[in-house]
Amino acid sequence: MPIGFLAGQYALELLEIDKEMNHQTYAFSEMSQKDSNGCFNDGIQASTGCTYGKGLMTLLGYGKLSMLLYRPGKDAVRVSLSNEFLDALLVKGAEFFQQRKAGKEPSDIPGRVVDQLLSDWLLKLEYKEMFRHEIIQGFHFKPVRQSGVRKKCSECSEYVYEPDLKVSNDKLICKPDYYGIPRNSV
Ligand SMILES: [Zn+2]
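What counts as what
- Residues numbered from 1 in each chain as written.
- Predicted model: local features only at pLDDT ≥ 70, side-chain atom pairs only at ≥ 80, totals over all residues.
- Heavy atoms only, no water.
- Helix = DSSP H or I, 4+ residues; strand = E, 2+ residues; numbered from the N terminus.
- Rg over C-alpha atoms; globule rule 2.2 N^0.38 Å.
- Buried < 20%, exposed > 50% of the residue type's maximum accessible area, 1.4 Å probe, protein only.
- Contact = heavy atoms within 4.5 Å.
- Areas by Shrake-Rupley, 256 points an atom, 1.4 Å probe, with all protein chains shown as cover.
- Lys, Arg positive; Asp, Glu negative; His and termini not counted.
- Charge placed at Lys NZ, Arg CZ, Asp CG, Glu CD.
- Donors = N, O, S within 2.8 Å, 3.2 Å for Na, K, Ca; no water.
- Tetrahedral: all angles 85-135°; square planar, octahedral: opposite > 155°, others 65-115°.
- Patch = residues over 30% accessible without salt bridge, like charges linked within 9 Å, V, L, I, M, F, W, Y side chains within 5 Å.
- Salt bridge = Lys/Arg side-chain N within 4 Å of Asp/Glu carboxyl O.
- 1 Å grid on protein atoms, 1.4 Å probe; cavity = no way out; pocket = protein on both sides within 12 Å on 5 of 7 lines; lining within 4 Å.
- Points joined across faces, edges and corners; volume = space filled by probe spheres on them.
- Nonpolar A, V, L, I, M, F, W, Y, C, P; charged D, E, K, R; others polar.

Colleague: Can you help me understand the overall build of the chain in this one?
Modeller: When you go through the chain residue by residue, the secondary structure sums to 7 helices and 9 strands. Relative to a compact globule of 186 residues, whose C-alpha radius of gyration would be 16 Å, the chain shows 21 Å and is clearly more extended. For the chain, the proportion of its 186 residues judged to be buried stands at 32%. By sequence separation, contacts in the chain at least 24 residues apart represent 64% of the contacts at least 6 residues apart. Of the roughly 12,200 Å² of accessible surface on the chain, 49% is carried by carbon and sulfur atoms. The average position of the 24 basic charges and that of the 24 acidic charges among the side chains of the chain differ by 5 Å.

Colleague: Even after reading the chapter, I still don't get the coordination of the zinc ion, so can you show me in this structure?
Modeller: Reference values for angles at a metal are 109.5 degrees in the four-donor tetrahedral case and 90 or 180 degrees in the six-donor octahedral case. Each protein donor to the zinc ion is listed here as Cys153 (SG), Cys156 (SG), Cys174 (SG) and Asp177 (OD); together their distances run 2.0 to 2.3 Å. Around the zinc ion, the 4 donor atoms sit at angles spanning 98 to 118°, and that spread fits a shape best called tetrahedral. If you list the donors of the zinc ion from N- to C-terminus, the spacing comes out as C-x2-C-x17-C-x2-D. Pair noted here: Cys156 is in the loop between strand S6 (150-152) and strand S7 (159-161) and Cys174 is in the loop between strand S9 (171-173) and helix H7 (175-179), with a separation of 18 residues, a long-range link. In this structure Cys156 comes out as partly exposed when scored by relative accessible area, which is 31%. Its relative accessible area of 7% is what places Cys174 among the buried residues.

Colleague: Is there a simple way to think about a nonpolar patch on the surface in this case?
Modeller: On the surface, Tyr178, Tyr179 and Ile181 cluster together into a nonpolar patch covering about 310 Å² of accessible area. Using a relative accessible area of 38% as the deciding quantity, one classes Tyr178 as partly exposed.

Colleague: Before we go on, may I ask you to explain the layout of surface pockets in this structure?
Modeller: The method is simple in principle: a probe with the dimensions of a water molecule rolls over the atoms, and the space it marks as empty is what remains. Quantified by volume, the largest pocket comes out at close to 660 Å³. If you go around the largest pocket, you meet 22 residues; those closest to its centre are Met1, Asn37, Cys39, Phe96 and Phe97. No other element matches helix H4 (residues 94-101), which puts 4 residues into the lining of the largest pocket. For the second largest pocket, the calculated volume is near 250 Å³. Looking at side-chain class alone, the lining of the second largest pocket contains 7 nonpolar, 5 polar and 1 charged residues.

Here you go:
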């Protein structure tokens, strides 16, 4: 998480922009949902303000600990962890990762072990010692148009955002009713 946070902060600095407070910046993590260390993505969202909920954060699914940050009207920047840093992380964080492997949740790992990794080493590094970066010109991205229109499902009469409604016999139906998805399954 701290590494994702710093990657996001570095990307903001490289684009010379502030943390997103509205809807004008897009972050892309190159990780996928299948990759462990998904807290990298939480860190990116926390520092850039590009959150999943607002549709400003996308997982590209490449399986890389890298991210892109894009503000329309500016260039995009790609920030990736350097191999040298990742290799050093395994050495410096050996005790932390060993405890994780043994099944300990991060918050159950003693503060001493975390401090040794974070305060004594990682947080003292310069961005350049952790990341590589590349400015990308002519970045193409079309954000998904979000709809604020809600209509009632003719079966359960709950309000549903228009793009997710299905049409059957001229009636608007929510997906759970249309597909018959039971409540106890998603
Ligand atoms: Zn319904």
